[in-house]
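So you can see what is in the structure, the chains are spelled out below.
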Amino acid sequence: MATHQPTTGQPIPHGAGGGHEHHADHRSIKHWWIRASWGIAIGVVFGLILPFFLRWVFGLDPLWNEQVYVTTTSIFSVIGFLIGIGCFDWWGRWMFGKHVDYEDHSFHGASSWRDYFRVNTDHKVIGVQYLVIVFSFMIISGLLAELVRTELAQPGSQITSGEGYNTLFSGHAALMIFLVIIPSFAGLANYILPIMIGAKDMAFPKLNALSVWMLPPAGLMILSGIILGGYSSGWTAYTPLATQAGTGTTLFEVGVQFAGASSIMTAVNFLVTIITMRAPGMTVWRMPLLVWANATTSALVVFGTPFIAGSQFMTLFDRVMGTHFFDWTAGGDVVSYQHIFWFYSHPAVYIMMLPGFGIISEVLATFSRKPIFGYRAVAFSTVAIAVLGFGVWAHHMFVSGMSPWLRIPMMVTTVIIAIPTGVKVFSWVATLWRGKLHLNTPMLWALGFLFTFVIGGLSGVFLGTLPADIFSSDTYYIVAHIHYVLFGGSVFTVFAGVYYWFPKMTGRMFNEKLGKWHFWLTFFGFNATFMPMHWLGLQGMPRRVSDYDPRFANLNLIISLASILMVAGTAVFFYNAITSWRSGPKAPWNPWRGRTLEWLVSSPPTIFNFDATPQVVGGPYQYGIAGARHAIVFAPEEVGGGELNETSHPTILVVAKDTITGKSLLDATRELGTHGHWRFTFVSPAESDAEKVALTRRHALATAVLGAADIPASGKIVTGELVQAIARAAQDEHAHEIMIATYPLGESQWLRQDLVDRVRKATGLPVSHVTVSHKEARATLDEPGLGHVMVVAQDAVGGETLLDEIRRRADRSPARFTLVLPAEVPSPAWGDDANVLRGNAVERVHHAVEELQRSGVAVQGEVVDGGIVAGTRETVGVYRPDEILVVASSSQDLTALRGLARGASVDQVVLDAGAAG
Amino acid sequence: MTTHAHDTKPVAAHGGSGVSRMNIGTLGMTIFIGSEIMLFASFFTAYFIARSNAVQWPPIFEGAETFEVPKLITGVNTAILVFSSFTVWWAEKRLSAGDRKGLIRGLIVTIMLGATFLIIQINEYAHLGFTPQDQMFGTAFYCLTGLHGAHVFVGLNALFYSLNRAKRGEFSHGNAGPLTAASIYWHFVDVVWVFLYVVVYLV
């Protein structure tokens, strides 16, 4: 989870390509959350005092009006929360003329999971925050759906009243639409889109953070609307029901305002990012289709969402202030609510679908290994859908009593939308045609989407036609249709996208088998749940009613049971996502062999995505075309600026001798290596053959430790004059940088010789210096990637034969050793004899450890009381070795040792006679 | 239209990279104004639907007084707001000429004109004979002018903060993103008012 490492404190100015100094803000998340709690508290108090004061001043009677106070407290508590959590800190300083740093990156990037729980301006962190919020609400909202199905499992009343049932389905829909589907695309695009266009972040990172932090309060408000009750008007919140219903509706209306504001800000952000921040060469006709889709969607959000804001403001005013927007008796118009609402909410259907189309285009092209068929047609059809989408709203209102003349035009425009949508579907099918299909999980979701979305699209054409719509209005046919397009459409694409980019976001691969289980469970569960609803609807079962005619009972029971399959599938998904994120296999840069820019950077990408601005050279989907490329990513200038990819890592030369296995050095190399850019060559000067052997062993250890972190490394022994030898090695290895590890100043021979400067002069390369203390150099290497061998010996300790045996074992595979001498001390254990014996044993172990370390073996030693069996039992518990080597002991002892080895393999070492010395 | 290595911040150009292209803050504000126009459009939609339904507009008021709006005073007020658009334009002009004093003066005058507009509007509210609860006419009148008033308030804030920054010596020619954004917003608020005045008060 620790993904985007801050670059401060690194020995090399890495990631400084754009001149970004990274100073992370060190205040703890506790600080921010305490502030946020205070913000909420102050907001609530202010929200109570303000209307009280105003009502008192203006002499309004009564002073207490629940709806007014609910409105103000909910609004001000959210504002208090946002100020408290720190969304406005920078702007606050700006507004009041304080000093601000325009290049402030202190809230950028995450080095631990904690950084995901505070305001963060890194688009990658924000993307993950979005998805976590989205999936949390998906669980809640899915459970609400299960409650709905429980109520509907049989005719009559099961678990709740009619009013309660209305609240359940209203909440389910509102949360799924405003808190799950719409922001899920914002989350995915937030992570991927800036990388896709070769940008380092979004255009407005602080606005981006504000957008994401508005979502949880918006969702909690809608949720509390369900819990408090009274939000029973459906997600459409039609007046006059919404004007008359209980307090929950007020909370819904305020919550939707925040969700909508969040959407609009994100949309503005996307548009500006796409317009101004594309990498050189990224012309509009080279943009991946996801970028096209998000640009179009953002335009829809910018121009559409204010209408739902307006409609909810007006309903809220009608409820709270007693205005008459939708009150027929006072000159208002109740149908005008529906016009205004659907003028947003029909385009909203495309807001929930177009980014999904973008995802599907990416996934289908990649897994078919073919260029997308008719790239420009797909791009244009996206725009066409968006434009036409504004002219069809009234098809939701055929039976509302609106002006009859609107019906035919709206029917015609609605059916016309099927044309650009058809262009897309045929393009996708043509992309699949004769492709080399790889049926990985993302591809399964994409194909599943094609299947279900076409069904949903066709029922949409039925519903767009006036006579069919009048017949099936407000029946389960509508419920079936909306779920085929929103679940079978949007949610399937979200899953396709989440699986597709999971390796990129988390740096881990998901479990393919579980992914497929998730898909098939959901796919069957989905169709078994919603397909029968078409029939129910056509037979006349009305929607939004908690009871139904007994003749619908069988199908409803089947539907309710089938819906459990989807719950099971989703549970598999969450299990898979969480376990893979924690401990899945490391993801390579480009697991799907994609062509777009996000696959040309490491998984997960570094803190500013690109160290140097990439260059786009071709279209994004040129699969199967020899020599075609989409873009080139460069290494930072300080390291040569050459092309960067997963296989050609620039080399860093690490010059070190005894310090090779020092923790500071290993940590420094590992830190750089996890950025995915580097390979390391350890260069050590040797003066004798013995030293050569010892250093080779140390190289093997360091290489194994780095290898465990997937960082390529190798070792090289050089001879002759040191500086010249290093310069030669740097040339041979095409090194970009040199890192020299020494003991601290005063103890280091190399520093005394001014090695660092001399190497810098001789090679002309950047040279950095890492200090390793004596203690570190000799400490045992408790690192992943190394086996741990415990050597148990008594008399043999001190003899050359045992040492040779250990060295042989060390050369077989990289390991660290613990040499244990279980001394058979005479009784009493505190006596002089015992002490002399122990002292002697310690002396011998010490000598052996020295000898081994000199020959490059990582070893520590210990003397314990109690003879072979008792002594080993004690030490095995402490050291937990993987392997135990025992020097010639009785078969009885050997059996005893095997019994207490705690899973370690136990081997016997037979030394030559007279070995003990 | 392509990115520069340093462009990760809206005001990254502040350091003076001298790249002559639309400031991203200005672009963002322009797009956001599209959103604002649609918000007003939603309220106007409700207004137009109700008005087209009505037999007579303004409708007959059963209360003590009639639905009468002060066309003349508001006309003067409209002139004040329109004039403030010119003063903010002049302030920006002064900045281009390198005259910081002129910029600050222009902004102060604009803010004072805007505040005058708001005060006159509030005074009008206090002396009108009807309330937002009095039929759709009252509702639409107060909500449209109130929504606009809220926008004037936000615009005044934006200008005030820009003034704060200008006093600190910030902004220069071609490098005044936030100021430009605030002034574009101010022009938008004025244009909406002219439309609103014509539709709600005059026609």
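Tell me about the overall build of chain A, residues and numbers included.
The helix and strand inventory of chain A stands at 28 helices and 12 strands. Reported as C-alpha extents along the three principal axes, the dimensions of chain A are approximately 110 × 70 × 65 Å. The buried share among the 917 residues of chain A stands at 60%. Taking the intrachain contacts of chain A between residues at least 6 apart in sequence as the baseline, contacts between residues at least 24 apart amount to 78%. Only carbon and sulfur atoms are counted for the fraction: they give 63% of the accessible area of chain A, which is about 34,900 Å².

Outline the environment of Thr579 of chain A, listing residues and values.
Residues and elements named next belong to chain A. By secondary structure assignment, the location of Thr579 is in helix H18 (residues 553-583). According to the relative accessible area criterion, Thr579 is partly exposed, its value standing at 28%. Between the C-alpha atom of Thr579 and that of Phe510, which follows or precedes it by 69 residues, the distance is 8.3 Å.

Describe the interface of chain A and chain B, and please don't skip the residues or the numbers.
Chain A puts 56 residues into the contact, and the matching count from chain B is 46 residues. If you sort the residues of chain A by the area they bury against chain B, Trp94, Tyr102 and Phe325 of chain A come out on top, with a joint share of 16%. The interface formed by chain A and chain B contains 0 salt bridges. Here chain A is connected to chain B by 11 residue pairs in polar contact (both at pLDDT 80 or more). Put simply, the parts of the chain that give the side of chain A that touches chain B at least two residues each are helix H3 (89-95), helix H6 (205-228), helix H8 (247-276), helix H9 (289-320) and helix H10 (334-351) of chain A. Per-element accounting of the side of chain A that touches chain B gives the leading share, 9 residues, to H9 of chain A.

Pulling in residues and values, what's your account of the sheet that holds strand S8 (residues 787-792) of chain A?
Residues and elements named next belong to chain A. An order of S10-S9-S8-S11-S12 is seen for the 5 strands of this open sheet, with the pairing classed as parallel. The open sheet has two free edges, formed respectively by strand S10 (859-865) and strand S12 (905-909), since each of these has just one partner strand. Across the sheet, the axes of successive neighbouring strands diverge by a mean angle of 20°, strand direction being ignored. As defined by bridge partners, S8 adjoins strand S9 (residues 815-823) across 6 bridges and the pair is classed as parallel. The residue bridging Gly787 from the neighbouring strand is Ala815, located in S9.

An account of empty space enclosed by the protein is requested, with residue identities and associated values reported.
All names here are of chain A. Summed over the entire model, instances satisfying the criterion amount to 11 cavities of 30 Å³ or more. What the largest cavity holds in volume is close to 200 Å³. Around the largest cavity sit 19 residues that line it, and Ile182, Ala186, Ser263, Thr266 and Val301 are the ones nearest its centre. Among the secondary structure elements, those contributing two or more residues to the lining of the largest cavity are helix H5 (162-196), H8 and H9. Considering every element that reaches the lining of the largest cavity, the biggest residue donor is H8, with 6 residues. The residue inventory of the lining of the largest cavity, partitioned by class, reads 13 nonpolar, 6 polar and no charged. Considering only enclosed or pocket space, the second largest cavity measures out at about 70 Å³ in volume. Every residue along the wall of the second largest cavity is listed here: Thr661, Arg698, Ala777, Arg778, Ala779, Thr780, Leu781, Gln853, Val857, Ala858 and Val859.

Kindly report on the pattern of salt bridges, identifying the contributing residues and their values.
Residues and elements named next belong to chain A. Going through the model one piece at a time under the given rule, you end up with 24 salt bridges over all chains. Of the charged contacts, one joins Arg670 and Asp667 as a salt bridge, the two residues approaching to 2.9 Å between their closest N and O atoms. Taken together, the residues span about one helical turn, with Arg670 and Asp667 both in helix H19 (residues 663-673) at a distance of 3 residues. By relative accessible area, which is 31% here, Asp667 ends up partly exposed. We note a salt bridge from Arg697 to Asp811, for which the minimum N-O separation is 2.7 Å. Here Asp811 lies in helix H25 (residues 800-812) and Arg697 lies in helix H20 (residues 689-708), a separation of 114 residues in the sequence. Of the residues examined, Asp811 reaches a relative accessible area of 48% and is grouped as partly exposed.

Could you give an account of the pairing of strand S4 (residues 679-685) of chain A, with specific residues and numbers?
Residue and element names in this part refer to chain A. For S4, the tally of buried residues reaches 6 of 7 residues, placing the bulk of the element in the interior. Alignment of strand S3 (residues 651-655) against S4, held across 5 bridges, turns out to be parallel. Each bridged residue has a counterpart across the sheet, and for Leu653 the counterpart in S4 is Thr681. Here S4 runs beside strand S5 (residues 713-718); their pairing, made up of 6 bridges, is parallel. Counterpart to Phe682 in the pairing with S5 is Gly715.

Provide a residue-level description of the packing of H9 of chain A against helix H12 (residues 375-389) of chain A, including the pertinent values.
Residues and elements named next belong to chain A. Contact geometry of H9 with H12 gives a least axis separation of 9 Å together with a crossing angle of 10°. One way to sum up the angle between H9 and H12 is to call them roughly parallel. Across the interface between the two elements, Leu289, Trp292, Ala293, Thr296 and Leu300 of H9 pack against Tyr375, Val378, Ala379, Thr382, Val383 and Ala386 of H12. For the contact of H9 with H12, the per-class residue count stands at 9 nonpolar, 2 polar and no charged.

Explain the confidence of the model for chain B to me, and be specific about the residues and the numbers.
All names here are of chain B. Looking at chain B, pLDDT values average 86 and 87% of them are 70 or higher. Contacts for the low-pLDDT stretch residues 1-20, under 50 throughout, to residues beyond four places or in other chains number 52 contacts. The ipTM, which scores confidence in the relative placement of chains, is 0.89 for this predicted complex, and the corresponding pTM is 0.79.

Residues and numbers for the sheet that holds strand S7 (residues 767-771) of chain A, please.
Residue and element names in this part refer to chain A. Reading across from one edge, S5-S4-S3-S6-S7 is the order of the 5 strands in this open sheet, with parallel pairing throughout. With one partner strand each, in any of the chains shown, S5 and S7 form the two edges of the open sheet. Between one strand axis and the next, the sheet turns through 25° on average, direction left out of account. Docked against the sheet, H20 engages S4 and S5, running at close to 165° with respect to S5.

Thresholds applied
- Residues numbered from 1 in each chain as written.
- Chains lettered and ligands numbered in written order.
- Predicted model: local features only at pLDDT ≥ 70, side-chain atom pairs only at ≥ 80, totals over all residues.
- Heavy atoms only, no water.
- Helix = DSSP H or I, 4+ residues; strand = E, 2+ residues; numbered from the N terminus.
- Buried < 20%, exposed > 50% of the residue type's maximum accessible area, 1.4 Å probe, protein only.
- Contact = heavy atoms within 4.5 Å.
- Areas by Shrake-Rupley, 256 points an atom, 1.4 Å probe, with all protein chains shown as cover.
- Buried area = accessible area lost by both parts, 1.4 Å probe.
- Salt bridge = Lys/Arg side-chain N within 4 Å of Asp/Glu carboxyl O.
- Polar contact = N/O pair within 3.5 Å; in protein donor to acceptor, adjacent residues only side chain to side chain.
- Pairing = 2+ DSSP bridges.
- Axes fitted to C-alpha atoms, helices over the stretch in contact; angles between N-to-C directions.
- 1 Å grid on protein atoms, 1.4 Å probe; cavity = no way out; pocket = protein on both sides within 12 Å on 5 of 7 lines; lining within 4 Å.
- Points joined across faces, edges and corners; volume = space filled by probe spheres on them.
- Nonpolar A, V, L, I, M, F, W, Y, C, P; charged D, E, K, R; others polar.
- Parallel < 35°, antiparallel > 145°, perpendicular 65-115°, else oblique.
- pLDDT = per-residue confidence, 0-100.

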